[in-house]
Amino acid sequence: MLKLRKIKVKDKVIYYTDELNNEFSTAVITAKKIDENYTYIYNSPWKRFTHFFWYRIIATPLAFLYMKLYFGHKIVNKDALKKANKDGWFMYGNHTHFMADALIPSMISIPKDTYVIVHPNNVSMPFLGRITPSLGALPLPDDAVAAKNFIRAVETRIEQKHTITIYPEAHIWPYYTKIRPFVDTSFRYPIKCKVPVYCFTNTYQKRRFRKIPRIVTYIDGPFFADEKLSGKEQRQALRNVVYETMVERSKNSNVEMIKYMEKKV
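**Student:** How should the pattern of salt bridges be read in this particular structure?
**Tutor:** Pairs can form between side chains of opposite charge whenever their charged atoms are close. Evaluation of the coordinates by the stated rule reveals 7 salt bridges. Here lysine 192 makes a salt bridge to glutamate 155, at a shortest N to O gap of 2.4 Å. Separated by 37 residues along the polypeptide, lysine 192 in helix α5 (residues 188–193) and glutamate 155 in helix α4 (residues 144–159) bring together distant segments of the chain. Residue class for lysine 192 comes out exposed when judged on its relative accessible area of 56%. Glutamate 155 sits in the partly exposed class, given a relative accessible area of 22%.

**Student:** For this particular structure, what's the right way to read the packing of aromatic side chains?
**Tutor:** For any pair of aromatic rings, geometry is given as the distance between the ring centres together with the angle between the planes. According to the stated counting rule, one finds 22 aromatic pairs in the structure shown. With a centroid separation of 5.1 Å and an interplanar angle of 70°, the aromatic rings of tryptophan 173 and tyrosine 176 are classed as edge-to-face. In textbook terms, an aromatic cluster arises when at least three aromatic residues are bridged by ring pairs, as seen for Tyr16, Phe24, Trp173, Tyr176 and Tyr260. Lying over the aromatic face of phenylalanine 182, arginine 239 brings its terminal NZ or CZ to 5.1 Å of the ring centre.

**Student:** Can you walk me through unusual backbone geometry in this structure?
**Tutor:** What is expected of a backbone is that most residues other than glycine have negative phi and most peptide bonds are trans. That bond from isoleucine 110 to proline 111 is cis: its omega, 15°, falls within 30 degrees of zero. Tracing the backbone through its elements, the reader meets proline 111 in the loop between α2 (100–109) and β6 (114–118). Residue proline 222 is reached from glycine 221 by a cis peptide bond, and omega for that bond is 5°. Despite not being glycine, asparagine 77 has its phi angle at roughly 75°, a positive value. Inspection of the secondary structure assignment puts asparagine 77 in the loop between β4 (74–76) and β5 (89–93). A relative accessible area of 36% means that asparagine 77 is categorised as partly exposed.

Cut-off values and rules
Residues numbered from 1 in each chain as written. Predicted model: local features only at pLDDT ≥ 70, side-chain atom pairs only at ≥ 80, totals over all residues. Heavy atoms only, no water. Salt bridge = Lys/Arg side-chain N within 4 Å of Asp/Glu carboxyl O. Helix = DSSP H or I, 4+ residues; strand = E, 2+ residues; numbered from the N terminus. Buried < 20%, exposed > 50% of the residue type's maximum accessible area, 1.4 Å probe, protein only. Phe/Tyr/Trp six-rings, centres within 6.5 Å; stacked < 30°, edge-to-face > 60°. Lys NZ or Arg CZ within 6 Å of the ring centre and 35° of its normal.

The structure is reproduced here in structure tokens:
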């Protein structure tokens with residue numbers, strides 16, 4: 001079930017208490033359980049066709065038009081991806097817009113397909129929840145058996161030389177111009193798959209004749225795990241270089257649509 005809730009924004013200010021866990025998406029969704037019965041990869045010709053239809057025929061052109069016309073979207077340093085063009089890779093980005101964040105990864109990775117690790121909410125919406133798996137949504141599992149299936153799906157997509165997108169901040173903060181702290185848990189995936197890591201940082205920049213800011217996306221990488229370190233140290237090192245790179249790129253934002261202020265509790 002999908003509902004919308006209002007976020008109280010006074011004078012375009014949102015108050016937060018927890019950078020890691022506060023969520024400011026307007027969608028209220030009853031998530032279905034992702035258990036052993038959830039199928040991550042279908043091999044039938046029909047399912048392959050529906051993926052191609054929704055992903056390439058419908059979503060990709062609409063994403064390009066929406067991002068260009070509404071946000072004047074620009075990607076900077078896309079040539080960096082050529083360094084890993086023959087492989088699959090993982091991409092990490094900041095989570096600041098409910099629609100743009102769903103579209104930008106596919107525009108970055110083209111001509112490769114990208115699969116996005118998402119909350120189960122994204123496959124639980126009425127109607128759209130049936131389409132998002134065809135668009136590449138990989139919902140996080142809720143039990144041990146589903147977790148094995150999830151990992152197998154991630155590894156399979158990387159073996160197929162596709163890309164996997166992760167939003168490590170986990171929660172949407174609309175138009176936020178800084179980078180929130182995030183944990184290193186998700187960095188175990190590229191270490192296990194032995195593939196490169198990229199990051200992309202979405203920034204909001206002033207436009208001369210429109211109030212809606214321009215989104216400029218900066219791509220950085222590739223970054224590789226240092227196999228001389230322990231697994232834990234590799235995750236932390238990868239997390240740190242991605243975080244620090246994104247923090248530096250986020251300084252290119254020069255317009256603040258919503259001001260976020262910490263509320264002491």
